[in-house]
Amino acid sequence: MLNIVLFGPPGAGKGTHSIKLVEKYELVHFSTGEILRGEIAAKTELGIQAKAVMDKGELVPDKLVVEMMRKKISQYRNSKGMVFDGFPRTTAQAEALDKLLLDNEIGIDAMIMLDVEREELIKRLKKRAETSGRTDDADMSIIENRIDVYNKQTLPIVEYYQKQNKYKKVDGIGSIEDIFGRIEEVIKNL
Ligand code: B4P
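So, a few notes on the structure that sits alongside this text. Residue numbers restart at each chain and count upward from 1, following the sequence in its written direction. Local features in a predicted model are, by the rule used here, given only for residues with pLDDT of at least 70; side-chain atom pairs are given and counted only at 80 or more, and totals for whole chains, interfaces and linings are based on all residues. To get the side-chain values, take all heavy atoms of the structure and skip hydrogens and water.

**Description of the packing of helix α4 (residues 62-75) against helix α5 (residues 91-103)**
This is how it is decided: A fitted line through C-alpha atoms represents every axis, and for helices the fit uses only the stretch in contact; the resulting angles, taken between N-to-C directions, go from 0 to 180 degrees. The helix and strand labels rest on DSSP assignments: H or I over at least four residues marks a helix, E over at least two residues marks a strand, and numbering proceeds from the N terminus. By definition in this entry, angles of less than 35 degrees are roughly parallel, angles greater than 145 are roughly antiparallel, angles of 65 to 115 are roughly perpendicular, and the rest are oblique. Two helices cross in a left-handed way if the nearer one is turned anticlockwise from the farther one by less than a right angle. They cross in a right-handed way if the turn is clockwise. For this analysis, residues touch if any pair of their heavy atoms sits within 4.5 Å. When residues are sorted by character, Ala, Val, Leu, Ile, Met, Phe, Trp, Tyr, Cys and Pro go into the nonpolar class, Asp, Glu, Lys and Arg into the charged class, and all the rest, Gly among them, into the polar class.
Contact geometry of α4 with α5 gives a least axis separation of 10 Å together with a crossing angle of 25°. As far as their axial angle goes, α5 and α4 are roughly parallel. Here α4 and α5 pass one another in a crossing that is right-handed. In this structure, α4 contributes D62, V65, V66, M69, R70 and I73 to the contact, and α5 contributes A92, Q93, A96, L97, L100 and L101. Grouping the constituent residues of the contact of α4 with α5 by class yields nine nonpolar, one polar and two charged.

Take a look at the structure:
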């Protein structure tokens, strides 16, 4: 089994490279952002609560996200592996993920961080805003807030995975093929 956390700031290319990981290694893809947008579209109780925070570029409360993931993970415990895209986003979520996996007698193999600087992130998200229809891409102050939230609340997770010797940093600038090649190299050496 191959279980990867694909990590990085908003716009780093997590979604883009998760799709390629799924194709190449036949993994199950969990994007908490996509799952939450699905809940919003379906106007569920969770979706209504999530929309209010996502529209501001803040994080959905840990409890709601972890509960949502608990149900998903147990369904796929016998798959070839999983790619976690946008989850965990806080140290509490990282701890909860380890616990959820342990309950299913599995674990994370690597946390791969896509390293991209702020200016490039803003450029990519502004470009995506032209086609995505995402309210959190449409406004410059929300984009800025998402990056600030990442730096304050999400980046500390690096230390959590460093302590477990699972943290792998990859240069996230360049063509998608080149970046994916760097990710493949990390996986080959696990
Ligand atoms: P997400 O859906 O995860 O949104 P994101 O952080 O912007 O990442 P995304 O995957 O969309 O972008 P990507 O880097 O692939 O989360 C949205 C919101 O949901 C969060 O703000 C939060 O409110 C909530 N949420 C989600 N998970 C949560 C959790 N665990 N806890 C609490 N709240 C949570 O790519 C961006 C763009 O870059 C794409 O358009 C792509 O085409 C482009 N791109 C990629 N690689 C490129 C390259 N090499 N060169 C040029 N462009 C590239």
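Here the narrative resumes, following the displayed structure.
**Looking at the site of the ligand**
So the rule is basically this: Any residue with a heavy atom positioned within 4 Å of a molecule or strand is treated as near that molecule or strand. Pairs of N or O atoms are called polar contacts if they sit within 3.5 Å, as long as, within protein, a hydrogen donor faces a hydrogen acceptor (for residues adjacent in sequence, only side-chain-to-side-chain pairs). With residues, only the protein chains shown are counted as cover, and all accessible areas are computed by Shrake-Rupley using a 1.4 Å probe. A 1.4 Å probe that fits but cannot get out identifies a cavity on a 1 Å grid over protein atoms alone, an open set with protein on both sides within 12 Å along at least five of seven lines counts as a pocket, and a residue lines either if it has an atom within 4 Å of a point. A pocket or cavity is taken to hold a molecule when more than half of that molecule's atoms are within 2 Å of the pocket's grid points.
Residues in contact with the ligand amount to 29 residues; listed here are only the nearest, G13, G15, T32, E58 and R146. At a separation of 2.9 Å, a nitrogen atom of the ligand approaches a polar side-chain atom of Q93. Between R134 and the ligand, the recorded distance is 3.0 Å, taken from a side-chain N or O atom to an oxygen atom. In isolation the ligand offers 990 Å² of accessible surface; the protein chains occlude 87% of this area. Of the pockets mapped on this structure, the ligand occupies the largest pocket. Sort the elements by how many residues they give to the shell around the ligand and helix α2 (residues 32-41) lands first, with four residues. When its residues are assigned to classes, the shell around the ligand shows 10 nonpolar, nine polar and 10 charged.

**Some thoughts on the sheet that holds strand β2 (residues 28-31)**
Threshold: For two strands to be treated as a pair, DSSP must find at least two bridges joining them.
Pairing is parallel across the open sheet formed by five strands, whose spatial order is β2-β3-β1-β4-β5. Edge positions in the sheet fall to β2 and β5 (167-171), since each of these pairs with one other strand and no more. When the angles between neighbouring strand axes are averaged without regard to direction, this sheet yields 20°. As paired strands, strand β1 (residues 2-7) and strand β4 (residues 110-115) are joined by four bridges and run parallel to one another. By the bridge assignment for β4, V5 is matched with M111.

**Considerations on the layout of surface pockets**
The gaps of empty space that remain are located by a probe, the size of a water molecule, rolled over the atoms. Cut-off, in case you're wondering: Grid points are joined across faces, edges and corners, and a volume is the space filled by probe spheres set on the points.
The volume enclosed by the largest pocket comes to roughly 1,100 Å³. Lining the largest pocket are 49 residues, with P10, G11, K14, R128 and R134 sitting closest to its centre. Sorting the residues of the lining of the largest pocket by element identifies β1, α1 (14-25), α2, α6 (118-132), α8 (140-154) and α10 (176-188) as the ones contributing at least two each. Looking at which element gives the most residues to the lining of the largest pocket, the answer is α6, with six residues. Of the residues contributing to the lining of the largest pocket, the split by class is 19 nonpolar, 16 polar and 14 charged.

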